[in-house]
Amino acid sequence: MRERLSPSNSPTRSQPAPEFAPVSPPVEIGLTAAIVAIRVDEPLILTTRADGPAGVAALPSGPFDPIRHRTFEIGLREWVAEQTGAPLGYVEQLYTFGDRGRHARAGDRDPHVVSVGYLALTRIGQDADRRGGLWRSWHDFFPWEDWRKGAPAIIEETIAPGLENWVSESPDGASSSGLSRRMRVNLLFGARGRAFNEENVLERYELLYEAGLLEEALRDGREAAKKRGPLAPLGTPMRHDHRRILATAMGRLRAKMKYRPVIFELMAPEFTLTELQRTVEAIAGRHLHKQNFRRLVETTAIVEPTGEMSLKTGGRPAALFHFRRNVLQERPAPGLRVGIRG
């Protein structure tokens, strides 16, 4: 009688050793705020006084705790209050930043942090610099974005030569956007007189990062940056990818003020038309023609006079205005559609 073979007594065959998939690092959710205010015609961004390791500038941020925080926004407001003491007015979610390597060092197994970025607008109080946060001009981080007095010198002196070197390595080679390097540089940095598009803040930042011209690119081990070695400073670097989050916030605000009245979240309740124009110019990063701007304000009917006058102008008294809230019911997109050139 033939013996029936069971799995336990069947002839053995050579089997490959089992392969174990690497264990993925845990994922944490972070909340990061780009908080914008205006002081004397200068757009400001709120950073934490601790400013991260080695004094690197940082945006207010902290982990989302599903036990403590019922919503992301509640968690964000809690971290901002704890780290800076600043009250937040308008808040909107920007984007989820989760690229691999944005917090990690090569080979480490620390939790991977996925950050939910927010844009927040506020007004600066008298005690702003005596609390936990530190207000800094956003042009400290993006000096190439201020075109109010013409093209910034840093573009011709530092950015253009660096980008030209990057283009010369592969003039027709496609960059991460699918465009050739030459086309992308021409599009974003105004080669041959092309108009500056103020909304493309993130695209310009990402081009400079890909070309290896930013400190973050060298810190993150980008090949283009390693080939160039020590870099001439292009604005103040920030912790992790906080400068990318800030670039996203700047571009969003510049675009949104054209179709929503968010600019008034940065204004005092009463203001002169000159103060409104300077605030719009500070955010847009470009000069606007005075008469054209006033014609735009009149056409949109977005403000109305209070009947009072301001004596703080240093010259003739100027009429005070306030935001006309009824415009929100009258039109679906009540913003200030500032033109390409002032």
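Reference entry: report on the structure contained in this document. Just so it is clear, the model here is predicted, and its values are computed rather than measured.

A few points about the nonpolar core
- Membership of the largest hydrophobic core comes to 69 residues, with the highest contact counts inside it found for Trp144, Leu163 and Leu276.
- In terms of nonpolar packing, the next biggest core, distinct from the first, is built from 16 residues, Ile35, Phe64, Leu76 and Ala120 among them.

Observations concerning the packing of aromatic side chains
- The final tally for this structure, using the stated rule, is eight aromatic pairs.
- When the centroid spacing of 4.6 Å and the interplanar angle of 15 degrees are considered together, the rings of Trp147 and Phe196 count as stacked. Separated by 49 residues along the polypeptide, Trp147 in the loop between strand S6 (133–137) and helix H2 (153–169) and Phe196 in the loop between helix H3 (181–188) and helix H4 (201–210) bring together distant segments of the chain.
- Of the residues examined, Trp147 reaches a relative accessible area of 14% and is grouped as buried.
- When the ring of Phe264 is compared with that of Phe323, the centres are 4.7 Å apart and the planes differ by 15 degrees; the resulting orientation is stacked. Here Phe264, found in the loop between helix H7 (242–256) and helix H8 (273–284), pairs with Phe323, found in strand S8 (residues 318–323); they are 59 residues apart in sequence, far enough to count as distant.
- The class of Phe323 is buried, set by a relative accessible area of 13%.
- The ring of Trp79 has Arg68 lying over it, and the distance from NZ or CZ to the ring centre is 5.6 Å.

A short note on unusual backbone geometry
- Unusually for a residue other than glycine, Asp41 sits at a positive phi of about 70 degrees.
- Positive phi is not limited to glycine here, since Ala301 has a value of about 50 degrees.
- Along the chain, Ala301 turns up in the loop between helix H9 (290–300) and strand S7 (303–310).
- By relative accessible area, Ala301 is classed as partly exposed at 29%.

A look at H2
- Here H2 is 17 residues long and its end C-alpha atoms lie 25 Å apart, about the 24 Å a rise of 1.5 Å per residue gives.
- At Ile159, H2 shows its largest bend, some 40 degrees, and a proline, Pro161, comes one to four positions later.
- All buried positions along H2 are accounted for by Ile154, Ile155, Ile159, Gly162, Leu163, Trp166 and Val167.
- Taken together, the buried residues of H2 touch H3, H4 and helix H6 (223–228).

Description of the side chain of His139
- Within the secondary structure layout, His139 lies in the loop between S6 and H2.
- What makes His139 buried here is its relative accessible area of 10%.
- Separated by 3.0 Å, the side chains of His139 and Glu42 make a polar contact.
- Polar contacts involving the side chain of His139 include one to the side chain of Trp138, which spans 3.2 Å.
- Once residues within four sequence positions are removed from consideration, His139 is found in contact with Glu42, Pro43, Glu145, Asp146, Arg148 and Ala282.

Side note on the pattern of salt bridges
- Within this structure, the stated rule accounts for 20 salt bridges.
- The shortest N-O distance in the salt bridge between Arg254 and Glu145 comes to 2.8 Å. One end of the pair, Arg254, is in helix H7; the other, Glu145, is in the loop between S6 and H2, with 109 residues separating them in the sequence. For the pair Arg254 and Glu145, one class covers both residues: buried.
- Several salt bridges converge on common partners, so that one network encompasses Glu198, Glu199, Lys258 and Arg286.

The rules behind the values
- Residues numbered from 1 in each chain as written.
- Predicted model: local features only at pLDDT ≥ 70, side-chain atom pairs only at ≥ 80, totals over all residues.
- Heavy atoms only, no water.
- Core = buried A, V, L, I, M, F, W, Y, C linked by side-chain atoms within 4.5 Å.
- Buried < 20%, exposed > 50% of the residue type's maximum accessible area, 1.4 Å probe, protein only.
- Phe/Tyr/Trp six-rings, centres within 6.5 Å; stacked < 30°, edge-to-face > 60°.
- Helix = DSSP H or I, 4+ residues; strand = E, 2+ residues; numbered from the N terminus.
- Lys NZ or Arg CZ within 6 Å of the ring centre and 35° of its normal.
- Expected span 1.5 Å × (residues − 1).
- Bend = angle between axes of the 7 residues up to and from the residue.
- Contact = heavy atoms within 4.5 Å.
- Polar contact = N/O pair within 3.5 Å; in protein donor to acceptor, adjacent residues only side chain to side chain.
- Salt bridge = Lys/Arg side-chain N within 4 Å of Asp/Glu carboxyl O.

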